[in-house]
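Coordinates in review
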Amino acid sequence: MARISAWGVPGIPEIIKGDDLVALIGKALIEQAVAEPDCAVQAGDILVVTSKIVSKAEGMQVPAQDRERAIAEDTVRVVAERIHPGGVTRIVETRQGLVMAAAGIDMSNVPEGIALRLPTDPDASARTLCAGLRETFGFDLGLIITDTIGRPWRVGQTDQAIGAAGLQLTDDLRGANDANGRPLHVTQAVIADEIAGAADLVKGKTTNIPVAIVRGLGHFVRDLDTPGARTLTRTGDDDMFRFGSAEAYRLGYQAALAEQNTSPRPRRRARSAEPDAATSQSPPKAENRSSSHKGNAL
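This write-up is about the structure you can find in this document. (Residues numbered from 1 in each chain as written. Predicted model: local features only at pLDDT ≥ 70, side-chain atom pairs only at ≥ 80, totals over all residues. Heavy atoms only, no water.)

1. Concerning the nonpolar core
Core analysis: the largest hydrophobic core is formed by 31 residues, its most contacted members being Leu21, Ile25 and Leu143. Listing elements by their share of this core, those giving two or more residues are helix 1 (21–35), strand 2 (46–50), helix 2 (51–57), helix 4 (122–137), strand 8 (142–150), strand 9 (157–165) and strand 12 (211–215). Broken down by element, the residue count for this core peaks at five residues, all from helix 1. Excluding its chain neighbours within four sequence positions, the residues that come into contact with Leu21 are Ile15, Gly26, Ile53, Val54, Ala57 and Leu129. (Core = buried A, V, L, I, M, F, W, Y, C linked by side-chain atoms within 4.5 Å. Buried < 20%, exposed > 50% of the residue type's maximum accessible area, 1.4 Å probe, protein only. Helix = DSSP H or I, 4+ residues; strand = E, 2+ residues; numbered from the N terminus. Contact = heavy atoms within 4.5 Å.)

This is the structure:
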């Protein structure tokens, strides 16, 4: 019977720009192993790290008054926006390929007057952390960097993988058979997001525990050059919900106007010198009728 377990890693201090996350996380893991031997990190474990401490270490802080500018700079495309009494909510595609509110720029768990951008390249950050921790402990680990993201048609938010290293991210069951022997055509479990959500249950925004260990999924641990979380983004023709309703309406309206302006206008029919069929079947002119009447009178 498959079994997994997850727990938080305490002892990680407040992170500031330039901090060595490999050293700080490694120290916390060693201290936990001393206090709780059953929780000692081991080969095949998956470390789950909230993006907030990665952003802090990488210096992604901006003054709160510059938050709107930072959102604009990190936005590749506006997916949807809605005006409400508190301002404007924008769902955007970020330069990291994520679709999320306000480009993921957050003001929680940071000092007053500070906003925090996402890591510039979460997959690269994950590879650096994973490589460093593998070297520290001498065995293979997987590593996921997570952020809290809302989902269409669902209330609230959950953690998802925005960066990953040393881990197979999906379990592709297409082509296999279900428990009743019927073939599976579309089932592709996103293991990385499921791990991210599970890990958030033991860390979270209010506990000051930004790192967790998930055990029992070592068969998904891979080489460091395994493709990262950016490959999980559905883009282009695969994106069935590329725009919000207002944006789709505006684009459709603009396309219709452009088509109207470029379509050739209907040409007016030129008047012909030769009588057409309708003219040849018309009644005699008045003067002809008048002449015939005169002839009858004679």
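2. Quick word on the environment of Val190
The topology assignment puts Val190 in strand 11 (residues 188–190). The class of Val190 is partly exposed, set by a relative accessible area of 27%. Here the alpha-carbon distance between Val190 and Asp171, two residues 19 residues apart in the chain, equals 6.5 Å. For Val190, the contacting residues outside a window of four places in its chain are Leu169, Thr170 and Leu232.

3. Here we look at the pairing of strand 12
A regular strand places its side chains so that they alternate between the two faces of the sheet. The buried fraction of strand 12 is high, at five of five residues. On strand 12, burial covers both faces: Val211, Ile213 and Arg215 on one face and Ala212 and Val214 on the other are all buried. For strand 1 (residues 5–8) and strand 12, the ladder comprises four bridges, and the chain directions are antiparallel. Note on strand 12: the bridge partner recorded for Trp7 is Ile213. As defined by bridge partners, strand 2 adjoins strand 12 across four bridges and the pair is classed as antiparallel. Residue pairing across strands places Val48 opposite Ala212, the latter belonging to strand 12. (Pairing = 2+ DSSP bridges.)

4. Structural notes on the side chain of Ser51
The residue Ser51 is located in helix 2 in this model. Ser51 gets classed as buried once you look at its relative accessible area, which sits at 3%. What Ser51 contacts, discounting residues up to four positions off in sequence, is Leu118, Pro119, Ile145, Thr146, Asp147 and Ile162.

5. Examining the pattern of salt bridges
In a structure, side chains of opposite charge can pair up when their charged atoms sit close to one another. Inspection of the entire model under this criterion finds 14 salt bridges. Its salt-bridge partner being Arg215, residue Asp45 comes within 2.8 Å of it at the nearest N-O pair. Highlighted residues: Asp45 in the loop between helix 1 and strand 2 and Arg215 in strand 12, separated in sequence by 170 residues. Residues participating in the shared-partner salt-bridge network are Asp66, Arg69, Glu73, Asp74, Arg95 and Arg117. (Salt bridge = Lys/Arg side-chain N within 4 Å of Asp/Glu carboxyl O.)

The values reported here are purely geometric and, on their own, carry no functional implication.
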